[in-house]
Amino acid sequence: MIIGSNLIFYENLSSTNSVAALLLKDKEIEEGTVVYTDFQTAGRGQTGNRWESEPGKNLLFSVILCPSSIDPEDQFLLSMAVSLGICDFIDRYIPGSKIKWPNDIYFKDGKISGILIENSIMGENIESTVAGIGLNINQEMFAGHILNPVSLRLITGREYDRVICLKQLLTDLDVRYKQLLYGDRETLTSEYIARLYRFKEWCTYRSGDIIFTGRILNVTSSGRLQIGKKKGKVMEFSFKEIDFIL
Ligand code: BTN
């Protein structure tokens, strides 16, 4: 086992990603080390957002990785592997989770998990990666400003043992990480694409001031989203260049 070989728990901290980054400065830290907590005072989301989570209800952790065999231009593979690992875990309890590009995990139209991957690139190599994961497990009420939140408990009506969930999730992430390192990257990519939220469904998107109808056709190796328009034109977007509307 790489992921979960070493577990470090803090009752509370600022952000598991920030603490993991500090630990990385100590070069002795083992690949696969997991920093986890019951509460973050400054949980970070993508695009500078905050990640909020009720104390002691959910999974909040970061995994330290050293994926030196992955070229920086292929770094999106890490997002794919982590996203699929989380879906594999959710499949243990309820089938049908989806990946909202690039790496939000959805159940129906609700967000159950968010991922914040921070890579440190030195020249031609990814020197280290901190993969932060927030997964809503037992939380039942969310602040009004959080968009479409959902938890495993809200979906299934059951309460979960978070220690068991963490162990299972780390096992599932480990399998996907090994698939990325030693297995078939094409299979990983095609499984990721097959799991995409609204894959090949006609939907409304916004890019800048333009609103258009299109459908997701593919994600490139660098993680760009390809959307086909009604007249057949295919457009490509990177993260932040496009929003899902309906
Ligand atoms: C997002 O969807 O915006 C990404 C959210 C990532 C949240 C997790 S919680 C554990 C780790 N520590 C952080 O500060 N953020 C990530």
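Scroll up to find the structure this text is about.
Residues numbered from 1 in each chain as written. Predicted model: local features only at pLDDT ≥ 70, side-chain atom pairs only at ≥ 80, totals over all residues. Heavy atoms only, no water.

**Considering the state of the cysteines**
Linking two cysteines covalently through their sulfur atoms gives a disulfide.
For step 1, the next point in the chain: The full count for this structure, using the stated rule, is zero disulfides.
For step 2, the next point in the chain: The structure places no disulfide on Cys87, whose sulfur is separated from the nearest cysteine sulfur, that of Cys165, by 15 Å. (Disulfide = S-S within 2.5 Å.)

**Observations regarding the packing of helix H2 (residues 76-91) against helix H4 (residues 162-182)**
For step 1, the next point in the chain: Between H2 and H4, the shortest axis-to-axis distance is 8 Å and the interhelical angle comes to 140°. Viewed along their axes, H2 and H4 adopt a mutual orientation that is oblique. For the pair H2 and H4, the sense of crossing is right-handed. Residue-level inspection shows Leu77, Leu78, Ala81, Val82, Leu84, Gly85, Ile86, Asp88 and Phe89 of H2 in contact with H4, the latter providing Cys165, Gln168, Leu169, Asp172, Leu173, Arg176, Tyr177 and Leu180. (Axes fitted to C-alpha atoms, helices over the stretch in contact; angles between N-to-C directions. Helix = DSSP H or I, 4+ residues; strand = E, 2+ residues; numbered from the N terminus. Parallel < 35°, antiparallel > 145°, perpendicular 65-115°, else oblique. Left-handed = near helix turned anticlockwise from the far one by under 90°. Contact = heavy atoms within 4.5 Å.)

**Quick look at the environment of Arg198**
For step 1, the next point in the chain: Residue placement: Arg198 occurs in the loop between helix H5 (185-194) and strand E8 (203-207).
For step 2, the next point in the chain: For Arg198, a relative accessible area of 16% corresponds to the buried category.
For step 3, the next point in the chain: What Arg198 contacts, discounting residues up to four positions off in sequence, is Asp109, Cys203, Tyr205, Ile216, Phe244 and Leu246.
For step 4, the next point in the chain: Separated by 3.3 Å, the side chains of Arg198 and Tyr197 make a polar contact. (Buried < 20%, exposed > 50% of the residue type's maximum accessible area, 1.4 Å probe, protein only. Polar contact = N/O pair within 3.5 Å; in protein donor to acceptor, adjacent residues only side chain to side chain.)

**Focus: empty space enclosed by the protein**
Empty space among the atoms becomes visible once a probe the size of a water molecule is rolled across them.
For step 1, the next point in the chain: With the rule as written, the count across this model stands at one cavity of 30 Å³ or more.
For step 2, the next point in the chain: In this structure, the largest cavity encloses a volume near 70 Å³.
For step 3, the next point in the chain: Broken down by secondary-structure element, the contributors of at least two residues to the lining of the largest cavity are strand E3 (59-65), H2, strand E7 (125-135) and H4.
For step 4, the next point in the chain: If you tally residues by element for the lining of the largest cavity, the top one is H4, at four residues.
For step 5, the next point in the chain: Residue classes in the lining of the largest cavity are distributed as eleven nonpolar, no polar and one charged. (1 Å grid on protein atoms, 1.4 Å probe; cavity = no way out; pocket = protein on both sides within 12 Å on 5 of 7 lines; lining within 4 Å. Points joined across faces, edges and corners; volume = space filled by probe spheres on them. Nonpolar A, V, L, I, M, F, W, Y, C, P; charged D, E, K, R; others polar.)

**So, the sheet that holds strand E6 (residues 110-122)**
For step 1, the next point in the chain: Sheet architecture is open: seven strands sit in the order E1-E2-E3-E7-E6-E5-E4, paired in mixed fashion. The open sheet has two edge strands with one neighbour each: strand E1 (6-13) and strand E4 (97-100). Neighbour-to-neighbour, the strand axes of this sheet turn through a mean angle of 20°, independent of strand direction.
For step 2, the next point in the chain: In this sheet, E3 lies alongside strand E2 (residues 33-40) in antiparallel orientation, the contact comprising four bridges. Within E3, the position partnered with Tyr36 by the bridge is Phe61. (Pairing = 2+ DSSP bridges.)

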